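# Structural features, examined
Listed below, chain by chain, are the residues.
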Amino acid sequence: MPQGGVALGKYFGVPVRLHWSWFIVFVLVTWMLGAYYFPGVYPGWSQVTYWGIGAATSILFFVSVLLHELAHSWVAQAAGMQVKSITLFIFGGVSQIGREPEKPGVEFRMAIVGPGTSLVLGAAFWAIFFATRHSVEPLAGLAFWLGYVNISLAVFNLIPGFPLDGGRVLRSVIWWRSGDVRSATRTASTIGRGFGYLFIFGGIALILLNRSYWWNGLWLALIGWFLENAAVGSYRQVALQDMLEGHTVSEAMTRDCQVVPPTATVEQTVNDYILKSGRRCFPVVENGRALGIVTLHNIKNLSRDLWPRKTVREAMTPLDKTKSVKPNDSLTTTMQILNDDDLNQLPVMEGDSIVGLIARDNLLSFIHTRAELGM
Ligand SMILES: [Zn+2]
């Protein structure tokens, strides 16, 4: 999943981000259109028109991809799901949705509306092309290319390999028929990986058969590689979520935490607590009151020569600076918090006291043990 980029503000309540790779797309598309495509198809425009229409087409291409993603978001929100963000990157857009849909019907509508929007846009641009091709040539040129691109976008996204829209449609249908979301995801991801390999080998074959197509071949292989990765990644995520579903923090947390006083130095903490116990995280408690947690991460951030002088109180993460969970909270929520805030562990609180800790390691060993037992 691409990270980073420029925030473009909120549209219909959904924050939209532009990944840096999109600037490459913008420059490439504008250059390809302004320097080659438009001059080749429409000789006789001025240089300003070529580049102006090239840039306008690029921007509208971006708007088209955004509308495709917003369509997914609208349906998701209408079904009561929270859409966290949309990121536009080199291969299109990615909507980050808080959780997976709970019913196959919701998934079907959510998936199909994206390519549907692209098809409608494609048809609208081609209608503009037919209406203006004898009168306003630059507008017709722009509309023809955008029509072609939107229809390609719809067709590409309809490839039935998860996590593409077509793969989600396929998964929802298998899920609806079998009632088993896990095996439906497995089937749809396997098909997604198959398409990934097909694109990679197709790309390589294209380069070997005809050197002048090396660019198309490379592009195809790159998309294939991306598809294969995405299929494996999203299957893993769904399988993980599925295994954590219905379980609570109390089933996986570490209870026998060793308490560290806030007055201890970092050096003492390392020697007397961390190295002796082999644990990674310690609640800091003073007179029975929890103040915070001290983790390996806190200590790694301090330079070694400060260890004898800094106290745990200075080095710890105070409780008001970290999120916490309760023993009865679900493990799926816990994983979501760890991922969203990029944390390694959370204190488990009951009232004002820390009753344990839950770390990524706890979730992993919880999953590992159950997988080994075939549960
Ligand atoms: Zn889509």
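Since the structure is predicted, the reported quantities are computational estimates derived from the model, not experimental observations.

Across its full length, the chain holds 12 helices and nine strands. Relative to its length of 375 residues, the chain is extended, with a C-alpha radius of gyration of 26 Å against a globular reference of 21 Å. Counting all 375 residues of the chain, 43% fall into the buried class. Taking as baseline every contact in the chain between residues at least 6 positions apart, the subset at least 24 positions apart corresponds to 62%. Working note: accessible area of the chain is about 19900 Å², and carbon and sulfur atoms make up 61% of it. Taking the average location of the 30 positive side-chain charges in the chain and that of its 26 negative ones, the two points are 3 Å from each other.

Here the focus is the coordination of the zinc ion. Taken together, His68 (NE2), His72 (NE2), Asp165 (OD) and Asp165 (OD) make up the full set of protein donors to the zinc ion, lying 2.0 to 2.7 Å away. The site at the zinc ion holds four donor atoms, and with the angles between them running 53 to 149 degrees, its shape is irregular. We note that the donor set of the zinc ion lies within a single chain, spaced as H-x3-H-x92-D. Of the two residues, His68 is situated in helix H2 (residues 47–78) and Asp165 in helix H5 (residues 165–178); the sequence distance between them amounts to 97 residues. On the accessibility criterion, His68 (2% relative accessible area) is buried. Classification of Asp165 as buried rests on a relative accessible area of 8%.

So, on to helix H3 (residues 104–132). Two residues of an α-helix separated by three or four positions point the same way, owing to the 3.6 residues in each turn. Between its terminal C-alpha atoms H3 stretches 43 Å, which fits the 42 Å expected from 29 residues at 1.5 Å a residue. Of all the bends in H3, the largest measures some 25 degrees and sits at Val113, one to four residues before the proline Pro115.

Before going further, it helps to spend a moment on the confidence of the model for the chain. Overall, the predicted model of the chain reaches an average pLDDT of 86, with 96% of residues at or above 70. Strand S4 (residues 92–97) is the least confidently modelled element of the chain, averaging 68 in pLDDT, while H3 averages 95, the highest of any element.

Relative orientation and spacing of two packed helices are given, respectively, by the angle between their axes and the distance between those axes. Axis separation between H2 and helix H4 (residues 137–157) bottoms out at 10 Å; the angle between their running directions is 30 degrees. Classified by the angle their axes make, H2 and H4 are roughly parallel. When you trace H2 past H4, the crossing you get is right-handed. Listed contacts from H4 to Thr49, Ile53, Ala56, Thr57, Leu60, Phe61, Ser64, Val65 and His68 of H2 are Pro138, Leu142, Trp145, Leu146, Val149, Asn150, Leu153 and Asn157. Tallied by class, the residues present in the contact of H2 with H4 amount to 11 nonpolar, six polar and no charged.

Bringing the nonpolar core into the picture now. Ranked by size, the top nonpolar core spans 34 residues in total, and within it Trp22, Phe38, Phe61, Leu88 and Trp145 carry the most contacts. Contributing elements (two or more residues each) for this core: strand S2 (14–18), helix H1 (21–41), H2, strand S3 (83–89), H3 and H4. It is H2 that contributes the most residues to this core, nine residues altogether. Once residues lying within four places of it in the same chain are set aside, the contact partners of Phe38 are Leu33, Pro43, Trp45, Tyr50, Ile53, Gly54, Thr57, Gly141 and Leu142.

Further remarks concern helix H8 (residues 266–277). In this model, H8 (12 residues) spans 15 Å end to end at C-alpha, consistent with the 16 Å of a helix rising 1.5 Å per residue. For H8, every residue scored as buried is listed here: Val266, Thr269, Val270, Tyr273 and Ile274. Taken end-on, H8 shows its buried residues confined to a sector of 130 degrees, consistent with a single buried face. Residues of H8 that are exposed and point over 90 degrees away from its buried face: Leu275 and Lys276. Looking one or two places after H8, you find Gly278, whose phi comes out positive at around 75 degrees.

Tracing the sequence through the fold places Asn362 in helix H12 (residues 360–372). Between the alpha carbons of Asn362 and Glu251 there is a distance of 9.6 Å; along the sequence they are 111 residues apart. The residues contacting Asn362, other than those within four sequence positions of it, are Ala252, Met253, Thr254 and Leu357. Polar contacts involving the side chain of Asn362 include one to the main-chain carbonyl oxygen of Ala252, which spans 3.2 Å.

Each value, and the rule that gives it
Think of each chain on its own: its residues are numbered from 1, step by step along the sequence as written. pLDDT decides what is reported in this predicted model: residues at 70 or higher carry local features, side-chain atom pairs at 80 or more are listed and counted, and totals for whole chains, interfaces and linings draw on all residues regardless. Only heavy atoms go into the side-chain values, all of them from the structure, while hydrogens and water stay out. For the purposes of this entry, the term helix denotes a DSSP run of H or I that reaches at least four residues, the term strand denotes a run of E that reaches at least two, and both are numbered from the N terminus. We compute the radius of gyration from the C-alpha atoms alone; for a globule the expected value is 2.2 Å times N to the 0.38, where N is the number of residues. Here the term buried applies to any residue with accessible area under 20% of the maximum for its type, exposed to any over 50%, and partly exposed to those in between, with areas from a 1.4 Å probe on protein chains only. We call two residues in contact when some of their heavy atoms are within 4.5 Å. Accessible surface is estimated by sampling points in the Shrake-Rupley manner with a 1.4 Å probe; for residues, cover comes only from the protein chains shown. In this charge count, Lys and Arg are treated as positive and Asp and Glu as negative; neither His nor the chain ends contribute. Where a charge lies is defined by one atom per residue type, namely NZ (Lys), CZ (Arg), CG (Asp) and CD (Glu). Coordination shells were defined by N, O and S atoms within 2.8 Å of each metal, extended to 3.2 Å for Na, K and Ca; water is absent from the atom set, which can make sites look incomplete. Under the classification used here, a metal with four donors is tetrahedral if each angle lies between 85 and 135 degrees, square planar if opposite donors are over 155 degrees apart and the others between 65 and 115, a six-donor metal meeting that same test is octahedral, and anything else is irregular. A helix is expected to reach a length of 1.5 Å times the quantity of its residues less one. Fitting one axis to the seven residues ending at a residue and another to the seven starting there, the bend at that residue is the angle between the two axes. The predictor's confidence in any single residue is recorded as pLDDT, a number from 0 to 100. Axis angles are defined between N-to-C directions and span 0 to 180 degrees, where every axis is a line fitted to C-alpha atoms and, for a helix, only to the segment in contact. By the definition adopted for this analysis, an angle is roughly parallel if under 35 degrees, roughly antiparallel if over 145, roughly perpendicular if from 65 to 115, and oblique otherwise. In a left-handed crossing the near helix is turned counterclockwise from the far helix by less than a right angle, and in a right-handed crossing that turn is clockwise. Under this grouping Gly is polar, as are all residues other than the nonpolar Ala, Val, Leu, Ile, Met, Phe, Trp, Tyr, Cys and Pro and the charged Asp, Glu, Lys and Arg. Only buried residues count toward a nonpolar core. Its members are Ala, Val, Leu, Ile, Met, Phe, Trp, Tyr and Cys residues joined through side-chain atoms within 4.5 Å. Directions drawn from the helix axis to the C-beta atoms are what define this arc. Under the rule applied, a polar contact is a pair of N or O atoms within 3.5 Å (in protein, one hydrogen donor and one hydrogen acceptor; residues adjacent in sequence only if both atoms are side-chain atoms).

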